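Notes for the structure review
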Amino acid sequence: MGLEDVRRRGLFLLGCGKMGSAMLQGWLAQGIAPGSVWVLDPKPSEWLTGLAAQGLHLNAGVPEAPAIALLAVKPQMMGDALGPVTALGGGATLVLSIAAGTPIRFFEAAFGPATPIIRAMPNTPAAIGKGITALVGNGAATEAHMALAEALLSAIGQTVRLEGEHQMDAVTAVSGSGPAYVFHLIETLAAAGEAEGLPPALALQLARATVAGAGALAEAADEGPAQLRVNVTSPGGTTAAALEVLMDAETGFPPLLRRAVAAAAQRGRELAD
C-alpha cells in the first residue's frame, strides 16, 4: 500500500475547503492525476471546477473502494455529511479525518470498528507546504496505513505520530490553533511599533518579517529557542528590558500561554464529548 495504490484505486475527499485544497494541491504535485480524485463539496471553488475540466470527479458520487477517504468538513457538519460515505466502511478504504475535536470512536460508530481510521491534526501553514500534522490510528490501522497517511501528509509539511489519541487535544492547542497565536503576535507587535511612532505599514512589515525570520531561524538552528533568545540579549540592553516584561512569572508570556493552551485543549475535550 502506497501512493501507487492511491493512483490506481483513487482518492476521495469529503469537503475541499482551504485545508483540503492545500492537501489536494500537494498530492497533485506528487503525481496523483486529477482523474484519480473524487470530491464531494457543496460549494466548490473555481480551482476545483477547473480541475474537473482536467478529469477530477467533482460531486459525482462516492467511488466504490478508493484507497483513502479524507474527511475534511467542519466538525459541526460531519454528522450530516457522512451519510453517503459510510458505505466505504469495512476495511478496504483507509479513512483519514482532519476534523478537529472529533474522536476516532465517532468514526468507528459510523464506519464500523473493522475500518482503518486515522485521525490527523494539520495546521494552516500547510497551504505553503510548511505545516505539521500529528497522526494517531485506531486498532484496525496497520503500519502500512500509517505510512500511507504519512506519505500523503508529507506533501504539506512535517508529520509526527502520537502515542495515543489522548495527546490530540494538546496537539490541537499547540500546533493546530498555534498559528492564530503567532498571527496575533504579529498584530500586537505591529500595534506596539505604531504606539512608538512608526507608520502602520512599516510597523506591520517589520513585525511580519521579524516573526517569520525568527521562526525560520528557530527551525534551522542547532541551538534551542532558549539559547537563541540568549544570543540576542545583551546584558542591560534593549532586548533585556523587553524580556523582563515578557518573561515575568505572573504577567508575562509563560502564564499567559499556559492559560491560552489550556483553554484550547479544554475546548477540544468538550467538543469530543
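To keep things clear, this report deals only with the structure shown in the data block. As the structure is a prediction and not an experimental result, all values here were calculated from the model.

So, the nonpolar core
- Counting 34 residues, the largest nonpolar core has Leu13, Leu24 and Trp27 as its most contacted members.
- Among the elements that make up this core, the one with the highest residue count is helix α6 (residues 143–153) (five residues).
- Once residues within four sequence positions are removed from consideration, Leu24 is found in contact with Leu13, Cys16, Val37, Trp47, Leu48, Leu51 and Leu56.
- Leu40, Phe107, Met121 and Val136 belong to the second-largest nonpolar core, a separate cluster that totals 23 residues.

Here we look at the layout of surface pockets
- In this structure, the second largest pocket occupies an estimated 820 Å³ of space.
- Around the second largest pocket, the lining comprises 32 residues; the ones closest to its centre are Met19, Ala72, Val73, Lys74 and Pro75.
- If you list the elements that add at least two residues to the lining of the second largest pocket, you get α2 (18–29), α4 (75–81), α7 (168–176) and α8 (178–195).
- Per-element tally for the lining of the second largest pocket: the top contributor is α2, with four residues.
- A breakdown of the residues in the lining of the second largest pocket according to their chemical character gives 20 nonpolar, eight polar and four charged.

Topic: α7
- Within the span of α7, buried status applies to Met168, Asp169, Val171, Thr172, Ala173 and Ser175.
- Those residues of α7 that are buried are in contact with β6 (117–121), β7 (131–137), α8 and α12 (253–272).

Structural notes on the packing of α7 against α8
- The interhelical angle for the contact between α7 and α8, taken along N-to-C directions, is 30°, at an axis separation of 5 Å. By the angle between their directions, the pair α7 and α8 is classed as roughly parallel. Here Ala173, Val174, Ser175 and Gly176 of α7 come into contact with α8, specifically with Gly178, Pro179 and Tyr181.
- When grouped by side-chain class, the residues that make up the contact of α7 with α8 number four nonpolar, three polar and no charged.

What about the pattern of salt bridges?
- By the definition in use, this model includes seven salt bridges.
- Arg8 is the partner of Asp5 in a salt bridge, and the nearest nitrogen-oxygen pair spans 2.5 Å. Taken as a pair, Asp5 and Arg8 lie in helix α1 (residues 3–9) at a separation of three residues, close to a single helical turn.
- Judged by its relative accessible area of 62%, Arg8 is exposed.
- The partner of Glu150 in a salt bridge is Arg161, and the shortest N-O contact between them spans 2.9 Å. Of this pair, Glu150 sits in helix α6 while Arg161 sits in strand β8 (residues 157–161), and the two are eleven residues apart along the sequence.
- For Arg161, a relative accessible area of 38% gives the class partly exposed.
- Here the salt bridges share partners, and the residues they tie into one network are Asp5, Arg8 and Arg9.

Side note on the packing of α7 against α12
- Look at α7 against α12: their axes get within 8 Å of each other, and the N-to-C directions meet at 135°. With respect to α12, the element α7 is oriented oblique. As α7 packs across α12, the resulting crossing turns out to be right-handed. Residues Asp169, Ala173 and Val174 of α7 form the contact with α12, whose participating residues are Val261, Ala264, Ala265, Gly268 and Arg269.

Regarding the sheet that holds strand β4 (residues 68–71)
- The strand order β3-β2-β1-β4-β5-β6-β7-β8 describes an open sheet built from eight strands, whose pairing is mixed. Both edges of this open sheet fall to β3 (57–58) and β8, since each of them pairs with a single strand only.
- As paired strands, strand β5 (residues 94–97) and β6 are joined by three bridges and run parallel to one another. Directly across from Ser97, in β6, lies its bridge partner Arg119.
- Against the sheet, α2 engages β1 (11–14), β2 (37–40) and β4, with an angle of about 165° to β1.

Rules and cut-offs
- Residues numbered from 1 in each chain as written.
- Predicted model: local features only at pLDDT ≥ 70, side-chain atom pairs only at ≥ 80, totals over all residues.
- Heavy atoms only, no water.
- Core = buried A, V, L, I, M, F, W, Y, C linked by side-chain atoms within 4.5 Å.
- Buried < 20%, exposed > 50% of the residue type's maximum accessible area, 1.4 Å probe, protein only.
- Helix = DSSP H or I, 4+ residues; strand = E, 2+ residues; numbered from the N terminus.
- Contact = heavy atoms within 4.5 Å.
- 1 Å grid on protein atoms, 1.4 Å probe; cavity = no way out; pocket = protein on both sides within 12 Å on 5 of 7 lines; lining within 4 Å.
- Points joined across faces, edges and corners; volume = space filled by probe spheres on them.
- Nonpolar A, V, L, I, M, F, W, Y, C, P; charged D, E, K, R; others polar.
- Axes fitted to C-alpha atoms, helices over the stretch in contact; angles between N-to-C directions.
- Parallel < 35°, antiparallel > 145°, perpendicular 65-115°, else oblique.
- Salt bridge = Lys/Arg side-chain N within 4 Å of Asp/Glu carboxyl O.
- Left-handed = near helix turned anticlockwise from the far one by under 90°.
- Pairing = 2+ DSSP bridges.

Nothing here speaks to function; it is geometry throughout.
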